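Close look at the chain arrangement
Residue-level listing of the chains:
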Amino acid sequence: MRLAEHPHAAGGGHGKPEKTSSAGLAPAAADAACWAHMKSLKDLDSKGDIMRTSGMASALIAALFVVGDATWATPEFFPGTGHYYDVISAHGVISWSDAEVAAEAQIWQGQHGYLAAIASAAENDFVFDLSLDSDIWHFSGSWYQGPWLGGFQEDGSEEPAGGWAWVTGEPWSYTNWMEGQSDNNGPPGEDENRLCLWSQGMIAPTWNDFIDVLDPMYPPEYGIWGYVVEFDVPPVPVKGSSWGRLKADFR
Ligand SMILES: [Ca+2]
Ligand SMILES: [Ca+2]
């Protein structure tokens, strides 16, 4: 697909509303045209007329989904936070909300997981490196789309970039937005209010705001295919008094 036909490419996004897209449309009009164009591609795809590669990929995804449980490896320890992380493929499109539920269902060392909350470049890079071993990253035709992270925009936030928060409630401080993001440049009538790894030109640990639920009328390539889970470490057991430890040492 040509770059200019993808919604996020049109007119440089909402950050520069004075510009028109390469198609000569105002950005809002271009967005509507682009999302409609993607739907038409999906319709053709379902008839088997075009995008055979995409169709094969969809079949493969479906097969994997039937065969496989969610792939999750032993979570990896990151000394910078003292937490553990896992990157989990959904073997197909998953909404941010479903990913959040799935993350919280994971248990490691007695701790429930959550969608990762990123507080530093080092943590972001660690999570990104982990994600490269998954089959989550894919090319939409214009963008490289990685896993969901635990960032979201609170209801009623000022668009396009206000009110970002982490699922953990920790402060929103470090960010690594791709240039021009967050732009709230979703399909007509839908806000982009959930966070994922997303990049242009090459796979990179930059961020994008994206819609929570991708309407199945769009090709799966436009969705997000997995998520990053973070686990706190168990509370350190209280060892008791020094006298208790002394007794234990001599037992
Ligand atoms: Ca938004
Ligand atoms: Ca966006």
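Residues numbered from 1 in each chain as written. Chains lettered and ligands numbered in written order. Predicted model: local features only at pLDDT ≥ 70, side-chain atom pairs only at ≥ 80, totals over all residues.

Our next topic: the overall build of the protein chain. Each helix and strand counted, the protein chain has 5 helices and 11 strands in total. Burial status across the protein chain gives 35% buried among its 251 residues. The long-range fraction of contacts in the protein chain, counting pairs at least 24 apart against all pairs at least 6 apart in sequence, stands at 66%. (Helix = DSSP H or I, 4+ residues; strand = E, 2+ residues; numbered from the N terminus. Buried ≥ 20, exposed ≤ 12 C-beta atoms within 10 Å, placed from the backbone. Contact = placed C-beta atoms within 7 Å.)

Bringing the environment of F128 into the picture now. Mapping F128 onto the fold places it in helix 4 (residues 121–131). Accessibility expressed as a C-beta count within 10 Å gives 22 for F128, which makes it buried. Residue contacts for F128: discarding those within four places in its chain leaves L197 and P205.

Further remarks concern helix 3 (residues 96–105). Among all positions in helix 3, only W96, A99, A102 and A103 are buried. Buried residues of helix 3 fall within an arc of 120° about the axis and therefore sit on the same side. The exposed set on the far side of helix 3, more than 90 degrees from its buried face, consists of V101 and A105. Those residues of helix 3 hidden inside the fold are in contact with strand 5 (114–115), strand 7 (144–153), strand 9 (194–199) and strand 11 (226–231). (Arc of directions from axis to C-beta.)

The next subject is the nonpolar core. Core analysis: the biggest nonpolar cluster contains 41 residues, and L115, A116, W148, L149, Y227, V228 and V229 have the highest contact counts within it. Elements with a minimum of two residues in this core: strand 2 (83–89), helix 3, helix 4, strand 7, strand 9, strand 10 (207–210) and strand 11. In contact with W148, other than residues within four places in its own chain, are W96, A99, L115, R194, C196, I224, Y227 and V228. (Core = buried A, V, L, I, M, F, W, Y, C linked by C-beta atoms within 7 Å.)

So, on to unusual backbone geometry. Going from E159 to P160, the amide bond is cis rather than trans, its omega being 10°. Its place among the elements puts P160 in the loop between strand 7 and strand 8 (164–166). Cis geometry is found at the peptide bond from Q181 to S182, where omega equals 0°. With respect to the helices and strands, S182 occurs in the loop between strand 8 and strand 9. Although it is not a glycine, Q109 adopts a positive phi angle of roughly 55°.

Another aspect to go through is the pairing of strand 10. The side-chain alternation of strand 10 yields two buried faces, one formed by W207 and D209 and the other by N208 and F210. As paired elements, strand 9 and strand 10 share 4 bridges and run antiparallel to each other. The residue of strand 10 that forms the bridge with R194 is F210. (Pairing = 2+ DSSP bridges.)

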